[in-house]
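Observations on the three-dimensional arrangement
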Amino acid sequence: DGGITQSPKYLFRKEGQNVTLSCEQNLNHDAMYWYRQDPGQGLRLIYYSQIVNDFQKGDIAEGYSVSREKKESFPLTVTSAQKNPTAFYLCASKASTEGLGDGYTFGSGTRLTVV
Amino acid sequence: AQKITQTQPGMFVQEKEAVTLDCTYDTSDQSYGLFWYKQPSSGEMIFLIYQGSYDEQNATEGRYSLNFQKARKSANLVISASQLGDSAMYFCAMREGYTSGTYKYIFGTGTRLKVLA
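Summarised in this report is the structure supplied together with it. Fair warning: this is a prediction, and the values are worked out from it, not measured in the lab.

**Overview of the packing of aromatic side chains**
Evaluated as defined, the whole model comprises 19 aromatic pairs over all chains. Centre to centre, the rings of Phe35(B) and Tyr50(B) are 4.8 Å apart; their planes meet at 50°, and the pair counts as tilted. In this pair, Phe35(B) is assigned in strand β5 (residues 33-39) and Tyr50(B) in strand β6 (residues 46-52), connecting sequence segments 15 residues apart. Note on accessibility: Phe35(B) and Tyr50(B) belong to one class, buried. Of the aromatic side chains, those joined through ring pairs into one cluster are Tyr33(A), Tyr35(A), Tyr48(A), Tyr104(A), Phe106(A), Phe35(B), Tyr37(B), Phe47(B), Tyr50(B), Tyr105(B) and Phe107(B).

Right, dumping it as structure tokens:
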């Protein structure tokens, strides 16, 4: 079955470390997105990518970096510059050929905790 | 600025009854889209229903319907005949304008629904 796979499900990071969250999709979707979810704040857009080797900053990109070397993969690196990285991270994708009424397909998320 | 507001942090409903989850939005665009997503405890966001700003009829998908009142800028989700499996977090979202080759979406803060047996 097609879908989005995020790994790991749980991740612990020490202060000052960089960590990378994986997002892989086999839906042949062009666009991929990273969202951060905090309690009581809904989802906020970190980065998004429409095509391979191109990506744009979202609303809260500081302290994060991404790459899009393959259509299927959109990893997110949480750098030591991100001062409050503890959150739930969701990856999503969407086909450019889909209609306006088609929503995102989401992964099951990665919960990152700073220890 | 575009904004989505969900004023109900939590709701309870008795099994088999209907429940309405509120969502209001603010936009200056004439063309926009409104979505509802369900997030169970597993964390994955599940797309439920969509309403386009030019759609004259309210959207329906099985037990889900969207009560769209354009003049009041509200897009409430109605779940009929609630089931225990409906217990989850529900998010309202709006599609923003087209930039850099794609649409972006903004999300409300969510409503946690608990269905009681």
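Let's pick the thread back up.
**Notes on the state of the cysteines**
In the structure shown here, the tally under the stated rule is two disulfides over all chains. Covalently, Cys23(A) is tied to Cys91(A) through a disulfide, its sulfur atoms 1.9 Å apart. A torsion of -75° about the S-S bond marks the disulfide between Cys23(A) and Cys91(A) as left-handed. Residue Cys23(A) is located in strand β3 (residues 19-25), and its partner Cys91(A) is located in strand β9 (residues 87-94); the two are separated by 68 residues in the primary sequence. A relative accessible area of 0% means that Cys91(A) is categorised as buried. Across a sulfur-sulfur distance of 2.0 Å, Cys23(B) and Cys92(B) are joined as a disulfide pair. Taking the torsion about the S-S bond as the criterion, the Cys23(B) to Cys92(B) disulfide, at about -65°, is left-handed. You can see Cys23(B) sitting in the loop between β3 (19-21) and β4 (24-26) and its partner Cys92(B) sitting in strand β10 (residues 88-99), a full 69 residues away along the chain. We classify Cys23(B) as buried; its relative accessible area is 0%. The buried category is assigned to Cys92(B), whose relative accessible area is 0%.

Thresholds applied
Residues numbered from 1 in each chain as written. Chains lettered and ligands numbered in written order. Predicted model: local features only at pLDDT ≥ 70, side-chain atom pairs only at ≥ 80, totals over all residues. Heavy atoms only, no water. Phe/Tyr/Trp six-rings, centres within 6.5 Å; stacked < 30°, edge-to-face > 60°. Helix = DSSP H or I, 4+ residues; strand = E, 2+ residues; numbered from the N terminus. Buried < 20%, exposed > 50% of the residue type's maximum accessible area, 1.4 Å probe, protein only. Disulfide = S-S within 2.5 Å.

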